[in-house]
Amino acid sequence: MKIGIDKIGFYTPHLYVDMNELAVARDVEPEKFTIGIGQDEMAIAPITQDPVTLAANAALNILDEEDVSKIDFVMFGTETGIDHSKSAGVYVHHLLGLNPSARTIELKQACYGATAAIQLAKGHIALNPESKVLVLASDIARYGLQTPGEVTQGAGAVALIISADPKIMVLENEQAYVTKDIMDFWRPTYSDIAFVDGKFSNDQYLAFFNTVWAQYKEKANKNIEDFAAICYHLPYTKMGLKALRTILEEGEERTQERLQENFQLSTKYSRKVGNIYTASLYLGLLSLLEMNENLQAGERIGLFSYGSGAVGEFFSGVLQPNYRDYLIVEKHQELFANRKRVTVAEYEEIFTESLPTDGSTVEFETVNDPAAICLTGITEHMRQYLNKSEHSE
Ligand code: HMG
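These numbers come from a predicted model, not from an experiment.

S.K.: Just checking my understanding: could you explain helix H9 (residues 253-266) for this structure?
M.R.: Along an α-helix, residues three or four positions apart point the same way, because every turn accommodates 3.6 residues. Its 14 residues give H9 an end-to-end C-alpha distance of 20 Å, which sits within 8% of 20 Å, the value for a rise of 1.5 Å per residue. Taken together, the buried positions of H9 are Thr255, Leu259, Asn262, Phe263 and Ser266. Projected down its long axis, H9 carries its buried residues within an arc of 110°, all on one side. When the buried face of H9 is taken as reference, the exposed residues oriented beyond 90 degrees from it are Glu253, Arg254 and Glu261. At its buried positions, H9 is contacted by strand S12 (229-232), helix H8 (237-245), helix H10 (268-273) and helix H11 (280-291).

What follows is the structure in structure tokens.
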């Protein structure tokens, strides 16, 4: 049975800060951020957007009535969950009006959570070929103001529908994965910013990539020539480039060129958004599919997922006939075109605004947030959400 990605949608908040301006404010040469790190803009989440609303907004654009009735499993991959107990997916399930006869859970292993969800979804579809699974990957990356990690923050979500006979990409069965207990990046439950050993995390990312790449080639009996493109988890775009460079020489010259060109296309969206943890790999895939009009059905794309702590996985997918007809390129272009640039001072103000933790009631004005689904406040420790599209009908 062919199982894979039937639909893919993306959402990022309407605010961003320019990396050149951030560099000037931090007294750093702009090229360090734009070339050394490889980021141009960084998405900023206003107080009216949280991981739930980002995911719900990403899914809203791709769901039709048939999806709503057939989705019987919702898996929400995140490392910025809003509750130690209740799954963020349950809120999204309600906001999207999904079928009550569904399972909904949240999964966590740093940036790897959504990849785990996709692999579990494959098993579910294999046993229930008629069903569809909604996989949500949503995060807000925060390292803190004036930290080395600041330039690698971001906010956004990707929603994927996994089904049998998918319209976009069939996921192949060969996968290679590895788990190792390391402290490269972590966020204790009492902290809203991540702790990170930056250089160590970079080294581990590369080591995990090289391990799973070698395992995959052996298991799948494939080599670099079999790939039209390889997409990477992109904590910042230079990281993926460093990983690609470690294997490029395995390929012929034209393969090297193809992989480098496609890598650049896979980083276009990430350069404007920043790290969105669980969704970063899938934002890279989306960017490649939407920015490259020449990829052909039958071509194979490699995917490297890395979640600090750490788990790494390499797997692959094959593009399906007419896959471009099922992408929503215009909607995503519109999303980027309608964003608003904020100054560094405004970004800092938004960054330091936080939700109450003592149960006090707050209400937020959502007229300035163009998102269909917003956080409107907190009442008695309960987050309140609004789906404006329901109220405008
Ligand atoms: P840093 O110390 O500020 O930067 O931290 P640097 O000094 O290493 O410089 C970065 C690059 O800019 C270097 O290039 C410099 O040469 C270059 P490289 O040697 O690496 O190729 N550079 C310049 N280039 C052009 N013109 C200039 C210039 N100046 C310098 N004028 C670091 C960088 C990434 C460590 C920091 O931002 C950080 O700690 N980020 C967070 C951690 C991270 O993203 N790690 C990535 C791997 S771990 C991962 O992917 C998992 C994660 O997503 C979390 C999860 O799984 O949940 C993070």
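There is more to say after this.
S.K.: Is there a simple way to explain the sheet that holds strand S16 (residues 362-363) in this structure?
M.R.: The strands that make up a sheet are held in pairs by hydrogen bonds between backbone atoms, and each pair lies either parallel or antiparallel. Spatially, the three strands line up as an open sheet ordered S16-S17-S18, and their pairing is antiparallel. Both outer strands of the open sheet, S16 and strand S18 (382-387), are each paired with one neighbouring strand and no more. By the bridge criterion, six bridges tie strand S17 (residues 373-379) to S18 in an arrangement that is antiparallel. By the bridge assignment for S18, cysteine 374 is matched with leucine 386.

S.K.: Could you clarify how one ought to interpret the nonpolar core in this entry?
M.R.: Where a protein is soluble and globular, its nonpolar side chains tend to be buried together. Of all hydrophobic cores here, the largest spans 84 residues; its most connected members are Leu134 and Ile162. With eight residues, strand S7 (residues 154-164) is the largest single contributor of residues to this core. Viewed by domain, this core spans two of them, domain 1 (3-168 + 327-391) and domain 2 (170-321), each represented by three or more residues. Beyond its immediate chain neighbours, meaning those up to four positions away, leucine 134 contacts Ala59, Leu63, Ile71, Phe73, Val74, Met75, Leu96, Leu98, Ala159, Leu160 and Ile161. Met19, Tyr216, Tyr232 and Tyr306 belong to the second-largest nonpolar core, a separate cluster that totals 43 residues.

S.K.: In this structure, what is going on with the side chain of glutamine 175? I would like to understand it.
M.R.: With respect to the helices and strands, the residue glutamine 175 is situated in the loop between strand S8 (169-171) and strand S9 (176-179). For glutamine 175, a relative accessible area of 15% translates into the label buried. Setting aside residues no more than four positions away along its own chain, glutamine 175 makes contact with Gln119, Lys122, Lys219, Glu313, Phe314 and Phe315.

S.K.: Quick question: what am I supposed to make of the domain arrangement of the protein here?
M.R.: Partitioning the protein into domains gives domain 1 (3-168 + 327-391) and domain 2 (170-321). The straight-line distance from the C-alpha centre of domain 1 to that of domain 2 is 20 Å. Facing 57 residues of domain 1, the contacting portion of domain 2 comprises 49 residues. Summing both partners gives a buried area of about 4300 Å² for domain 1 against domain 2, and 58% of it is carried by carbon and sulfur. Taken together, the links from domain 1 to domain 2 amount to two salt bridges.

S.K.: In this structure, what is going on with the site of the ligand? I would like to understand it.
M.R.: Close contacts around the ligand come from 29 residues, with Glu79, Cys111, Lys199, Lys238 and Lys242 the closest. Between glutamate 29 and the ligand, the recorded distance is 3.0 Å, taken from a side-chain N or O atom to a nitrogen atom. Out of a free accessible area of 1100 Å², the ligand has 75% covered by protein chains. Listed by contribution, the elements that provide at least two residues to the shell around the ligand are helix H2 (30-37), helix H7 (198-220), H8 and strand S13 (300-307). The element contributing the most residues to the shell around the ligand is H7, with five residues. Considered class by class, the residues forming the shell around the ligand number 12 nonpolar, 10 polar and seven charged.

Reading guide: rules and limits
- Once a new chain begins, its residue numbering starts again from 1 and follows that chain's sequence as written.
- For a predicted model such as this one, the threshold for reporting local features is a pLDDT of at least 70, and the threshold for listing and counting side-chain atom pairs is 80 or more; totals across whole chains, interfaces and linings nevertheless cover every residue.
- The side-chain quantities take in all heavy atoms of the structure and omit both hydrogens and water.
- Helix and strand definitions here come from DSSP, where helices need a minimum of 4 consecutive H or I residues and strands a minimum of 2 consecutive E residues; each element is numbered from the N-terminal end.
- Expected span of a helix, by definition, is 1.5 Å for each gap between consecutive residues, and there is one gap fewer than residues.
- Relative accessibility decides the category of a residue: with a 1.4 Å probe and only protein chains considered, values under 20% of the type maximum give buried, values over 50% give exposed, and everything between is partly exposed.
- The directions from the helix axis to the C-beta atoms form the arc being described.
- Contacts are assigned to residue pairs that have any heavy atoms within 4.5 Å of one another.
- When DSSP locates at least two bridges between a pair of strands, those strands are taken to pair.
- Only buried Ala, Val, Leu, Ile, Met, Phe, Trp, Tyr and Cys residues count toward a nonpolar core, and they belong to the same one when joined by side-chain atoms within 4.5 Å.
- As annotated, the domain borders come from an automatic or database domain assignment.
- Two parts placed together each lose some accessible area under a 1.4 Å probe, and adding up what both lose gives the buried area.
- By definition here, a salt bridge exists when the distance from a side-chain nitrogen of Lys or Arg to a carboxyl oxygen of Asp or Glu is within 4 Å.
- Near, as used in this document, describes a residue that has one of its heavy atoms within 4 Å of the molecule or strand being considered.
- For this analysis, a polar contact is any N or O atom pair within 3.5 Å, provided that within protein one partner can donate a hydrogen and the other can accept it, and provided that sequence-adjacent residues contribute only side-chain to side-chain pairs.
- For the accessible areas, the method is Shrake-Rupley and the probe is 1.4 Å, while residue cover comes only from the protein chains on display.
- Note that Gly is not counted as nonpolar here; it falls among the polar residues with everything else outside the nonpolar set of Ala, Val, Leu, Ile, Met, Phe, Trp, Tyr, Cys and Pro and the charged set of Asp, Glu, Lys and Arg.

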